[in-house]
Amino acid sequence: MQTIDIEDFNKIDLRVGTVIQAELFEKARKAAYKIWIDLGPELGVKKSSAQVTDLYLPKDLIGRQVICVCNFKPRQIADFMSEVLVTGFSLAESQIVLASVEREVPNGTKLH
C-alpha cells in the first residue's frame, strides 16, 4: 500500500449529504441508481450514479446520510452527469454497503 501525506488527504473533499431522490438508472451498463444528494448550502444538491442496487431500494435511500467525494471531475454516464462519488465498502463483487455517519450531522459537513 502506498502511503500519503496529510496534505494529500486534505485535497480530497469528503462531505456528508442526505439523499433526497433516488431512481433506477435504466441506461446504465451495470445496475445502478440515479441519486440526488443535498450537500448543504455551500454545494447544494448534487447528482451521483451509484451501483448499490443489490442491498438498497430507492425508497430505502431517501433520507439516508452518505459520505461523498465532492471534488472529482463530473463524469458522464450514459445520459446522466454524475457530479459526486458516493462512497461505500465492498461485501462481494456487486454488493456495496454505503459509508455513512454514526449520527446525523448538518449536510455539507466535511470529513476530517
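Bear in mind that the values here come from a model prediction, so they are computed numbers and not experimental data. (Residues numbered from 1 in each chain as written. Predicted model: local features only at pLDDT ≥ 70, side-chain atom pairs only at ≥ 80, totals over all residues. Heavy atoms only, no water.)

Trainee: Account for the nonpolar core, with residues named and values stated.
Mentor: Formed by 16 residues in total, the largest nonpolar core has its most connected members in Ile35, Ile37, Leu61 and Cys68. Looking at this core, the elements that each hand over two or more residues are strand E1 (14-24), strand E2 (33-38) and strand E4 (65-69). It is E2 that provides the largest number of residues to this core, a total of 3 residues. For Ile35, the residues in contact, after removing those within four places along its chain, are Val19, Gln21, Ala22, Lys46, Lys47, Ser48, Ala50, Leu61 and Phe80. One finds Ala28, Ala32, Trp36 and Phe80 within the second-largest nonpolar core, a separate group that totals 5 residues. (Core = buried A, V, L, I, M, F, W, Y, C linked by side-chain atoms within 4.5 Å. Buried < 20%, exposed > 50% of the residue type's maximum accessible area, 1.4 Å probe, protein only. Helix = DSSP H or I, 4+ residues; strand = E, 2+ residues; numbered from the N terminus. Contact = heavy atoms within 4.5 Å.)

Trainee: Can you break down the environment of Asn107 residue by residue, with the values?
Mentor: Relative to the elements of secondary structure, Asn107 occurs in the segment after strand E9 (95-98). When the C-alpha atoms of Asn107 and Ala50 are compared, they prove to be 19 Å apart, with 57 residues separating the residues in sequence. In this structure the side chain of Asn107 is engaged in a polar contact, spanning 3.5 Å, whose partner is the backbone oxygen of Asp38. One polar contact links Asn107 to Gln65, side chain to side chain, over a distance of 3.2 Å. (Polar contact = N/O pair within 3.5 Å; in protein donor to acceptor, adjacent residues only side chain to side chain.)

Trainee: Kindly report on the side chain of Thr18, identifying the contributing residues and their values.
Mentor: Of note, Thr18 is situated in strand E1. Judged by relative accessible area, Thr18 falls into the buried class, the value being 16%. A polar atom in the side chain of Thr18 sits 2.7 Å from the side chain of Asn107. Beyond its immediate chain neighbours, meaning those up to four positions away, Thr18 contacts Trp36, Ile37, Asp38, Gly63, Arg64, Gln65 and Asn107.

Trainee: Describe the pairing of E9, naming the residues involved and giving the relevant values.
Mentor: Bridging between strand E8 (residues 88-92) and E9 involves 4 bridges; their strand directions are antiparallel. Its bridge partner lying in E9, Gly88 is registered against Leu98. Linking two consecutive strands that pair antiparallel, namely E8 and E9, is a turn of 2 residues. (Pairing = 2+ DSSP bridges.)

Trainee: Please set out the layout of surface pockets residue by residue, giving values where relevant.
Mentor: Approximately 610 Å³ is the volume found for the largest pocket. Surrounding the largest pocket, 26 residues form its lining, Ser49, Gln51, Arg75, Ile77 and Leu85 being those nearest its centre. Listed by contribution, the elements that provide at least two residues to the lining of the largest pocket are strand E3 (45-50), strand E5 (75-77), strand E7 (85-86) and E9. Per-class residue counts for the lining of the largest pocket are 13 nonpolar, 7 polar and 6 charged. (1 Å grid on protein atoms, 1.4 Å probe; cavity = no way out; pocket = protein on both sides within 12 Å on 5 of 7 lines; lining within 4 Å. Points joined across faces, edges and corners; volume = space filled by probe spheres on them. Nonpolar A, V, L, I, M, F, W, Y, C, P; charged D, E, K, R; others polar.)

Trainee: Summarise the side chain of Ser82; cite the residues concerned and give the values.
Mentor: Along the polypeptide, Ser82 turns up in strand E6 (residues 80-82). In this structure the side chain of Ser82 is engaged in a polar contact, spanning 3.2 Å, whose partner is the backbone nitrogen of Ser49. Separated by 3.5 Å, the side chain of Ser82 and the backbone oxygen of Val84 make a polar contact. What Ser82 contacts, discounting residues up to four positions off in sequence, is Lys47, Ser48, Ser49, Pro74, Arg75 and Ile77.

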